[in-house]
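# Overview (structure and organization)
Take a look at the letters that make up each chain.
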Amino acid sequence: MSLGILNRNKDGSPVPEPAARPREADTGVPVFRPAGNRPPNASVHPDSATPALVPEPIDLRTLVVGRGIHLKGTVADAERLVVEGTVDATMEATELMVTSGGTFRGEITVDVAHVAGRFEGSITARKRLVIRETGIVTGTARCHRLSVEEGGQLTAQMEMLGEAPARRAFHPEPAIEAGD
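In this convention, every chain numbers its residues from 1, walking through the sequence in written order. Local features in this predicted model are restricted to residues of pLDDT 70 or higher, and side-chain atom pairs are both shown and tallied only at a pLDDT of 80 or more, whereas totals for entire chains, interfaces and linings draw on every residue. No hydrogens and no water enter the side-chain calculation; it runs on all heavy atoms of the structure.

### Some words on the overall build of the chain
Put simply, the rule is: To qualify as a helix, a DSSP run of H or I must reach at least 4 residues; to qualify as a strand, a run of E must reach at least 2; elements of each kind are numbered from the N terminus. Any two residues having at least one pair of non-hydrogen atoms within 4.5 Å are treated as being in contact. Methods summary: accessible areas were calculated by the Shrake-Rupley approach with a probe of 1.4 Å, and residue burial reflects only the protein chains presented.
Within the chain, the regular secondary structure consists of one helix and nine strands. Taken from the N to the C terminus, the helices and strands of the chain come in the order α-β-β-β-β-β-β-β-β-β. For the chain, long-range pairs separated by at least 24 residues make up 15% of all intrachain contacts whose partners lie at least 6 apart in sequence. As displayed, the chain offers around 11,800 Å² of accessible surface, 51% of which is attributable to carbon and sulfur atoms.

This is the structure in structure tokens:
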């Protein structure tokens, strides 16, 4: 005999099961989760071994440009930009995410960038630039770390950013006297 527990309303009628949450693999769109519901591996932290496309749900001011929307101009004060449509802009942010159907044209400086769509212009990723298998980056790219998945395309003038090398003091070799 099995005991099943059914959720019921006050009037005794069964409560329908909640619909399954959409997954990024099904929709191609990053899934944002509420801060209290964070999966353990949902990080775009620049030092993580395999950065996920699902960003950590920290409190960043986020601008989402949806499919079919075209945004043109200068974007200010957005810390995370998610591009599902088209953006022609100059901006600085913490994170950039260009989804598989999205296009970013212009100039951007970020800490971490994930490109699964098209990026045309100049990008500076102070920490990490990730080009997904469907991503295409053209123009100029500067980054500290670069990851390109199989199928991802990079046609850009490339500059790897590094830590400033430690300066060594100049110590001349002792002179060797002839004839000694």
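### Considerations on the packing of aromatic side chains
Threshold: The criterion for an aromatic pair is that two Phe, Tyr or Trp rings (for Trp, the six-membered ring) have centres within 6.5 Å, with stacked assigned to planes under 30 degrees apart, edge-to-face to planes over 60 apart and tilted to the rest. The cut-offs for exposure are 20% and 50% of the maximum accessible area for each residue type, with area from a 1.4 Å probe on protein chains only; residues under the lower value are buried, those over the upper are exposed, and the others partly exposed.
This structure, assessed with the given rule, holds one aromatic pair. Here Phe104 and Phe119 contribute two aromatic rings whose centre-to-centre distance is 5.2 Å and whose plane-to-plane angle is 5°, an arrangement assigned as stacked. One end of the pair, Phe104, is in strand 6 (residues 103–115); the other, Phe119, is in strand 7 (residues 118–131), and 15 residues separate them in sequence. Look at Phe119 and you get buried, because its relative accessible area is 0%.

### Considering a nonpolar patch on the surface
The following threshold applies: A patch is a set of surface residues, each over 30% in relative accessible area and not in a salt bridge, joined within 9 Å for like charges and within 5 Å for the nonpolar side chains Val, Leu, Ile, Met, Phe, Trp and Tyr. Basic side-chain nitrogens of Lys or Arg form a salt bridge, by our definition, when they fall within 4 Å of a carboxyl oxygen of Asp or Glu.
Where nonpolar side chains cluster on the molecular surface, the patch consists of Leu146, Val148, Leu154, Met158 and Met160 and spans about 370 Å² of accessible area. Broken down by secondary-structure element, the contributors of at least two residues to the nonpolar patch are strand 8 (136–148) and strand 9 (153–160). The element contributing the most residues to the nonpolar patch is strand 9, with three residues. Since its relative accessible area comes to 31%, Leu154 is described here as partly exposed.

### Overview of unusual backbone geometry
Backbone geometry places Asp77, a non-glycine residue, at a positive phi of 70°. Mapped onto the secondary structure, Asp77 falls in the loop between strand 2 (70–74) and strand 3 (80–83). Residue classification places Asp77 among the exposed residues on the basis of a relative accessible area of 60%.

### Comments concerning the nonpolar core
The nonpolar side chains of a soluble globular protein tend to be buried, and buried together. As a reminder, the rule being used: The set of buried Ala, Val, Leu, Ile, Met, Phe, Trp, Tyr and Cys residues whose side-chain atoms join them within 4.5 Å is what this entry labels a nonpolar core.
Grouped together as the largest cluster of nonpolar side chains are 24 residues, with contacts concentrated most on Met91, Leu96, Phe104, Ile108, Phe119, Ile123 and Leu129. Those elements that place two or more of their residues in this core are strand 3, strand 4 (86–92), strand 5 (95–98), strand 6, strand 7 and strand 8. Non-local contacts of Met91, meaning those with residues more than four positions away in its chain, are made with Val75, Ala78, Leu81, Phe104, Glu107, Ile108 and Thr109.

### What about the environment of Arg67?
Within the secondary structure, Arg67 sits in the loop between strand 1 (62–65) and strand 2. Taking the C-alpha atoms as reference points, Arg67 and Gly85, separated by 18 residues in sequence, lie 4.2 Å from one another.

### Focus: the environment of Glu149
Put simply, the test is: We call two N or O atoms a polar contact when they sit within 3.5 Å, provided that within protein one can donate a hydrogen and the other can accept it, with sequence-adjacent residues counted only if both atoms are side-chain atoms.
By the secondary structure assignment, Glu149 is in the loop between strand 8 and strand 9. Taking the C-alpha atoms as reference, Glu149 lies 6.2 Å from Ile131; in sequence the two are 18 residues apart. Among all residues touching Glu149, those that are not within four sequence positions of it are Ile131, Arg132 and Glu133. For Glu149, the side chain forms a polar contact with the side chain of Arg132, separated by 2.7 Å.

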